[in-house]
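Survey of secondary and tertiary structure
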Amino acid sequence: MANPTRKVNTEKALYLYGISFAAKKNGSKAPQKTSSVGIDGVSAVSALACGDFLCWVSHVDQASFAQALERNMENLEWLALHSVRHQQVVGEVAAQMPIVPARFGTIFSGETALLENVAGRSKALAKVFDRIANADEWGVKVFAEKAASPAAQTSARSGKEYLQQKAAQIKQRPERADPELEKFAAALEKVASASAPSGKVSGAQPSLVWQATFLVPRSRQKQWEKVLSEFVEQWNGLRRIELNGPWPPYSFVSDAD
Amino acid sequence: MPTDSEPITLSEPGEDEISLLEILDHVLNAGVVIHGSLVISLAGVDLVYVGLNVILTSVETALRNLNAEEKRRLK
């Protein structure tokens, strides 16, 4: 009966969403689970106590999830659905308490491995918490307001030609050489506590001329909105500003690794 | 004149339309290595965005159904 091989095979791996502090500053008890379902669409998400920290985890199957992760990451449809599930969990926790989001696809072989890893990073984690507590991540995008030229939409005679035209359109972007965009970026950076480049995925959006991600302290939310409003007004008809957020601080925690 | 009580008027894209794209931008921004074969580039065009536009609707629909199911379960 006591077959060690069997034991290893049936051990469930743990998917990590992020890490919070175990107790809120006011001493109230932290919640222990989320209403959002886990990354696999089945398992429940729970908070695992790790010393001073709470690790938000759910079980995932070794064979069908953990080992298939690398291959699945190349499947856009899979990636989209699972990224949304990841965000649902991290976002739900972030609405209640600070959380250092884990990288998408962080899996531990079991509880022991996770506890050891977190214990080894507790100093770095504490530092990151200081930075991200009471701050939100915001994405800012600037689009050119000119209508797309009709020629670009219709004159392609082949798929390759269409793509070449599209590439030419994208290359027309003023890659931040525009002094107006530099002024805008500087004004936002002054209010934000940190900034990061963004848009790995949406970089090819039509008419997009500039984008970045910012960490904004909640105490400066009003100033942040004021800067945005000013530029919305100034740029009326020339450039369109899109703001998205608040996000958990995904782009500002890499030093917790 | 905008007042304090009014939300600032930035452009409002259709929420469903962009949310998936934004989620991917932010969730995957944290140092995730997007695999070579995912970031396919043809004639200098990054096809991730193009591909996402195609699958966007199906994923959004799947999620809406999923959320509706959950709500039913919780009742």
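Bear in mind that the values here come from a model prediction, so they are computed numbers and not experimental data. (Residues numbered from 1 in each chain as written. Chains lettered and ligands numbered in written order. Predicted model: local features only at pLDDT ≥ 70, side-chain atom pairs only at ≥ 80, totals over all residues.)

**With respect to the overall build of chain B**
- In terms of regular secondary structure, chain B is built from 2 helices and 2 strands.
- Counting from the amino terminus, helix and strand elements in chain B follow one another as α-β-β-α.
- Of all 75 residues assigned to chain B, the portion counted as buried reaches 20%. (Helix = DSSP H or I, 4+ residues; strand = E, 2+ residues; numbered from the N terminus. Buried ≥ 20, exposed ≤ 12 C-beta atoms within 10 Å, placed from the backbone.)

**Examining the sheet that holds strand S9 (residues 208–217) of chain A**
Residues and elements named next belong to chain A.
- On the basis of which strands lie adjacent, the open sheet formed by 4 strands has the order S8-S9-S7-S10 and antiparallel pairing. Looking at which strands have only one partner, the edges of the open sheet turn out to be strand S8 (194–196) and strand S10 (239–247). Put simply, the sheet's adjacent strands are angled 25 degrees from each other on average, direction ignored.
- Against the sheet, helix H10 (residues 221–234) contacts S9 and S10, and its axis sits at roughly 160 degrees relative to S10. (Pairing = 2+ DSSP bridges. Axes fitted to C-alpha atoms, helices over the stretch in contact; angles between N-to-C directions. Contact = placed C-beta atoms within 7 Å.)

**Thoughts on the confidence of the model for chain B**
Residues and elements named next belong to chain B.
- Residue-level pLDDT values for chain B average 54, and 15% of them are 70 or greater.
- Within the model, the stretch residues 1–17 combines pLDDT values under 50 with 17 contacts to residues more than four positions away or in other chains.
- Overall fold confidence (pTM) sits at 0.76, and the ipTM for the predicted complex is 0.79. (pLDDT = per-residue confidence, 0-100.)

**What about the packing of helix H9 (residues 179–191) of chain A against H10 of chain A?**
Residue and element names in this part refer to chain A.
- At a closest axis distance of 9 Å, the pairing of H9 and H10 adopts a crossing angle of 170 degrees. Between H9 and H10, the angle falls in the class roughly antiparallel. Facing H9, whose interface residues are Phe184, Ala187, Leu188 and Val191, H10 presents Gln223, Trp224, Val227 and Phe231.
- Classifying every residue of the contact of H9 with H10 by side-chain character gives 7 nonpolar, 1 polar and no charged. (Parallel < 35°, antiparallel > 145°, perpendicular 65-115°, else oblique. Nonpolar A, V, L, I, M, F, W, Y, C, P; charged D, E, K, R; others polar.)

**Observations regarding the domain arrangement of chain A**
Residue and element names in this part refer to chain A.
- Domain boundaries assigned for chain A yield domain 1 (4–132) and domain 2 (135–256).
- The partner domain 2 presents 8 residues to the 12 residues of domain 1 that form the contact.
- Of all the secondary structure elements, the ones that give two or more residues to the side of domain 1 that touches domain 2 are helix H4 (76–94), strand S5 (100–101) and helix H6 (122–132).
- Looking at which element gives the most residues to the side of domain 1 that touches domain 2, the answer is H6, with 5 residues.
- Split into classes, the residues belonging to the side of domain 1 that touches domain 2 amount to 9 nonpolar, 1 polar and 2 charged. (Domains from an automatic or database assignment.)

**A look at the nonpolar core**
- Leu16, Tyr17, Ile19, Cys55, Trp56 and Val100 of chain A are the most contacted members of the largest nonpolar core, which has 45 residues in total.
- Judged by nonpolar contacts, the second largest core, of 16 residues, contains Leu76 and Val201 of chain A together with Leu20 and Leu24 of chain B. (Core = buried A, V, L, I, M, F, W, Y, C linked by C-beta atoms within 7 Å.)

**Quick notes on unusual backbone geometry**
Residue and element names in this part refer to chain A.
- Here the bond from Gly245 into Pro246 is cis, since omega is -5 degrees, no more than 30 degrees from zero.
- Within the secondary structure, Pro246 is located in strand S10.
- Of note, Asn134 is a non-glycine position whose phi angle comes to about 60 degrees, a positive value.
- Locating Asn134 in the fold gives a position in the loop between H6 and strand S7 (135–144).

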